[in-house]
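A structural walkthrough
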Amino acid sequence: AQSVAQPEDQVNVAEGNPLTVKCTYSVSGNPYLFWYVQYPNRGLQFLLKYITGDNLVKGSYGFEAEFNKSQTSFHLKKPSALVSDSALYFCAVSAYNFNKFYFGSGTKLNVKP
Amino acid sequence: GAGVSQSPSNKVTEKGKDVELRCDPISGHTALYWYRQSLGQGLEFLIYFQGNSAPDKSGLPSDRFSAERTGGSVSTLTIQRTQQEDSAVYLCASSLGSSGRVDEQFFGPGTRLTVL
């Protein structure tokens, strides 16, 4: 069965420090991986995706994610966090059935000044 | 350009009443999704429409839930005989739906449903 796990409900980081939001997945076949961000009282926004090719994917707002097939992970990273990055982050996976996306439970990122 | 819109933004109803939630996808997007987001939970897939194909209804939690997509554009999610556990934010998303590709989804702001 397809699934996504975000093991941390919350991540706290100081502004200017690097941040990592973790995601692991389980799919049959090749995974298609996504990160979305949800700001308070707003809809989800697409950040980046991995379909094929380079394992390091760069996306919006300076975020990047690294696909690691052996560890079945797709962690979201940013070298230097901003207070404005504080939001809810969702990892999602699709597989051979392009129709369905499986979302993680979300990780709340708190960036403190 | 216009994004995905949903109406109403908030809906308060009494237990046992029927509700209709509306989604207007981005023009030209052939794929449309409905999700449910409960407090503290991730997104729960409900239903998926792709062009004129039969929808994937595998995520609908009970037969009280149904959805239509008219003319390949606007979609309506209907919940009959609402229950308190139906209270959640209902999100709609659309994507290009390109054949053989996995396109990112564009989400609407959601409808917050409260069943008293």
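For the structure itself, consult the block above.
Description of the structure in this document.

Definitions and cut-offs
Throughout this description, residue numbers start from 1 for each chain and increase along the sequence as written. Ligands are numbered from 1 and chains lettered from A, in the order in which they are written. pLDDT decides what is reported in this predicted model: residues at 70 or higher carry local features, side-chain atom pairs at 80 or more are listed and counted, and totals for whole chains, interfaces and linings draw on all residues regardless. Hydrogens and water are ignored here; the side-chain numbers use all heavy atoms of the structure. The secondary structure listing takes helices from DSSP runs of H or I that are at least 4 residues long and strands from runs of E that are at least 2 residues long, numbered from the N terminus. This radius of gyration counts C-alpha atoms alone. The globule rule is 2.2 Å times how many residues there are, raised to the power 0.38. Residue contacts are defined here by distance: any two heavy atoms, one from each residue, within 4.5 Å place the two residues in contact. For every accessible area listed, the method is Shrake-Rupley and the probe measures 1.4 Å; residues are considered covered only by the protein chains on display. His is not counted here, nor are the chain ends, while Lys and Arg score as positive and Asp and Glu score as negative. By convention, the charge on Lys lies at NZ, on Arg at CZ, on Asp at CG and on Glu at CD. Two parts lose some accessible area (1.4 Å probe) when they are put together, and adding that loss for both gives the buried area. Each reported salt bridge corresponds to a side-chain nitrogen of Lys or Arg within 4 Å of a carboxyl oxygen of Asp or Glu. Pairs of N or O atoms within 3.5 Å make up the polar contacts considered here, provided that, within protein, one atom can donate a hydrogen while the other can accept it, and that residues adjacent in sequence are counted only when both atoms are side-chain atoms. Basically, the charged four are Asp, Glu, Lys and Arg, the nonpolar ten are Ala, Val, Leu, Ile, Met, Phe, Trp, Tyr, Cys and Pro, and anything else, Gly included, counts as polar. Here a Phe, Tyr or Trp ring, Trp counted by its six-membered ring, pairs with any other such ring whose centre lies within 6.5 Å, and the pair is stacked when the planes are under 30 degrees apart, edge-to-face when over 60, and tilted otherwise. Categorising residues by exposure relies on relative accessible area from a 1.4 Å probe, with only protein chains included: less than 20% of the type maximum marks a residue as buried, more than 50% marks it as exposed, and the intermediate range marks it as partly exposed. By this definition, two strands are paired if DSSP reports at least two bridges between them. Only the stretch in contact is used when a helix axis is fitted, and all axes are lines through C-alpha atoms; the angle between N-to-C directions ranges over 0 to 180 degrees.

1. Observations concerning the overall build of chain B
Scanning chain B from terminus to terminus reveals zero helices and 10 strands. Reading chain B from its N end, one meets helices and strands in the order β-β-β-β-β-β-β-β-β-β. Relative to the compact-globule value of 13 Å for 116 residues, chain B shows a C-alpha radius of gyration of 14 Å, a close match. Seen through its C-alpha atoms, chain B measures out along the principal axes to roughly 40 × 30 × 25 Å. Excluding contacts between residues fewer than 6 apart, the proportion of contacts in chain B whose partners are at least 24 apart in sequence is 55%. Summing over all exposed atoms, chain B offers an accessible surface of approximately 5600 Å²; the carbon and sulfur share of this is 45%. A distance of 3 Å separates the average location of the 11 positive side-chain charges in chain B from that of its 12 negative side-chain charges.

2. Quick word on the interface of chain B and chain A
Across the boundary between the two partners, chain B contributes 20 residues, which contact 20 residues of chain A. In total, about 1600 Å² of surface goes out of reach between chain B and chain A, with carbon and sulfur atoms giving 59% of it. Counting every contact that joins chain B to chain A gives one salt bridge. The interface formed by chain B and chain A includes three residue pairs in polar contact (both at pLDDT 80 or more). Contributing elements (two or more residues each) for the side of chain B that touches chain A: strand S4 (31-37) and strand S5 (43-50) of chain B. Across the side of chain B that touches chain A, the residue classes break down as nine nonpolar, seven polar and four charged.

3. Re the packing of aromatic side chains
One pass over the full model with this rule turns up 17 aromatic pairs over all chains. Taking 6.2 Å as the distance between ring centres and 20° as the angle between the ring planes, the aromatic pair formed by Phe 34 of chain A and Tyr 36 of chain A counts as stacked. Across this residue pair, the class does not change: Phe 34 of chain A and Tyr 36 of chain A are buried. Measuring from ring centre to ring centre gives 6.5 Å for Tyr 50 of chain A and Phe 74 of chain A, while their planes differ by 50°; the resulting arrangement is tilted. Taken together, the residues span a long stretch of sequence, with Tyr 50 of chain A in strand S6 (residues 44-50) and Phe 74 of chain A in strand S9 (residues 73-78) at a distance of 24 residues. For Phe 74 of chain A, a relative accessible area of 0% translates into the label buried. Among the aromatic residues, those joined into a ring-pair cluster are Phe 34, Tyr 36, Phe 46, Phe 101 and Phe 103 of chain A together with Tyr 33, Tyr 35, Phe 45, Tyr 48 and Phe 107 of chain B.

4. With respect to the environment of Ser 9 of chain B
Residues and elements named next belong to chain B. Within the element layout of this structure, Ser 9 appears in the loop between strand S1 (5-7) and strand S2 (10-13). The sequence separation of Ser 9 and Tyr 90 amounts to 81 residues, and the corresponding C-alpha distance is 9.6 Å. Other than its neighbours up to four places away in sequence, Ser 9 contacts Gly 110, Thr 111 and Arg 112.

5. Concerning the sheet that holds strand S7 (residues 75-79) of chain B
Residue and element names in this part refer to chain B. In space, the four strands of this open sheet follow the order S1-S3-S7-S6, with antiparallel pairing throughout. The outermost strands of the open sheet, each flanked by one partner alone, are S1 and strand S6 (65-69). On average, each strand axis in the sheet is inclined to that of its neighbour by 15°, with strand direction left out of account. In this structure, strand S3 (residues 19-24) lies alongside S7, joined through five bridges in antiparallel fashion. Bridge pairing in S7 places Glu 20 opposite Thr 78.

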